Amino acid sequence: MKLFKLGLMRILLASLMCLVLTSAECFALKGGPVFGGTKTSTTGTYAGVLMPTEARNSLALFSLQIAQTGIGTGTLVIFDAGQIYSGTLQATGDPDKGKVTGLIRATFPYITTVPSGTDADGHPTFTTTTVVAVAAGTMQGKVKANNRFSGVTSTRLGGTADVEFSLTVNHPFDEIIYDIIGFKQSST
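Structure report, in brief.

From N to C terminus, the protein includes 1 helix and 8 strands. The secondary structure elements of the protein, listed N-terminal to C-terminal, are α-β-β-β-β-β-β-β-β. Relative to its 188 residues, the protein shows a buried fraction of 28%. Across the protein, the fraction of contacts at a sequence separation of at least 24, relative to all contacts at a separation of at least 6, is 50%. As displayed, the protein offers around 12500 Å² of accessible surface, 61% of which is attributable to carbon and sulfur atoms.

With that out of the way, let us pick up the pattern of salt bridges. A complete count under the given rule lists 1 salt bridge for this structure. Between Glu 54 and Arg 56 there is a salt bridge; the shortest N-O distance is 3.3 Å. Among the residues examined, Arg 56 registers a relative accessible area of 24% and is labelled partly exposed.

Here we come to the nonpolar core. Across soluble globular proteins, nonpolar side chains have a tendency to be buried as a group. Membership of the largest hydrophobic core comes to 28 residues, with the highest contact counts inside it found for Leu 50, Phe 62, Leu 76 and Ile 78. Residues within four places of Leu 76 in sequence aside, it is in contact with Leu 50, Ala 60, Leu 61, Phe 62, Tyr 85, Ser 86, Gly 87, Thr 88, Leu 89, Ile 104 and Ala 106.

This paragraph deals with the environment of Gly 137. By the secondary structure assignment, Gly 137 is in strand E6 (residues 124–145). Distance in space between the C-alpha atoms of Gly 137 and Ile 104 is 5.0 Å, their sequence separation being 33 residues. If we skip the residues at most four places from it in the chain, Gly 137 touches Gly 102, Leu 103, Ile 104, Asp 162 and Val 163.

Cut-offs and rules
Residues numbered from 1 in each chain as written. Predicted model: local features only at pLDDT ≥ 70, side-chain atom pairs only at ≥ 80, totals over all residues. Heavy atoms only, no water. Helix = DSSP H or I, 4+ residues; strand = E, 2+ residues; numbered from the N terminus. Buried < 20%, exposed > 50% of the residue type's maximum accessible area, 1.4 Å probe, protein only. Contact = heavy atoms within 4.5 Å. Areas by Shrake-Rupley, 256 points an atom, 1.4 Å probe, with all protein chains shown as cover. Salt bridge = Lys/Arg side-chain N within 4 Å of Asp/Glu carboxyl O. Core = buried A, V, L, I, M, F, W, Y, C linked by side-chain atoms within 4.5 Å.

Set out below in C-alpha cells:
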C-alpha cells in the first residue's frame, strides 16, 4: 500500500509540473527579450574624418547636413601627399535602413610649366598653365546609435569612401579607400 501511495504521489507531482510548465509557456515572449529600442534618424548635421584603410599620407575632414527633404550637402577637405583638395559632399539619408550614400568631389589647382617651342636662338621656351587635379568618389555610410552615451553626439556615422585621384602632382596612387569615422553634431 505504501508503494501504491508513493506511485500515486509521483503521478500527481508529474501532472502538476506539466500544468505549471504549460502555463508558463502561455506567457513566454517569442523571439527573446524586448528592450524597446528606438530608430536612429539620419537627418542632422554630421562631422568626421576619412582615414585611409592602408598606411598612406592622406586624411580628409568633412561636414555634412542631411535635411528631411532633398539632397544633403556638405564640405570636404582632403590632405593627400602634400596637396590640399577642397570640395563638396552630396548625400542622401535612408531613414528605414539608417544608410547615408553620397558623392565626393574635391579639387587641387596647381601651376605647371610646359614647353611651348623655341626662341630665336633655338633655346626652348616654356609657358605656365594652371591644371586642376580632381579627387572624386563615393561614400557608403551607416548611422548607428552608441548606447554607451546619451545625446545627439552619441549617434555615429561609419562606413567607407572610395576616392580616385586624377592629374595629381605627387601622388603615386590613383585610388584610396577611406574608413568614415563621424558623429552627429545636431539633429537639424
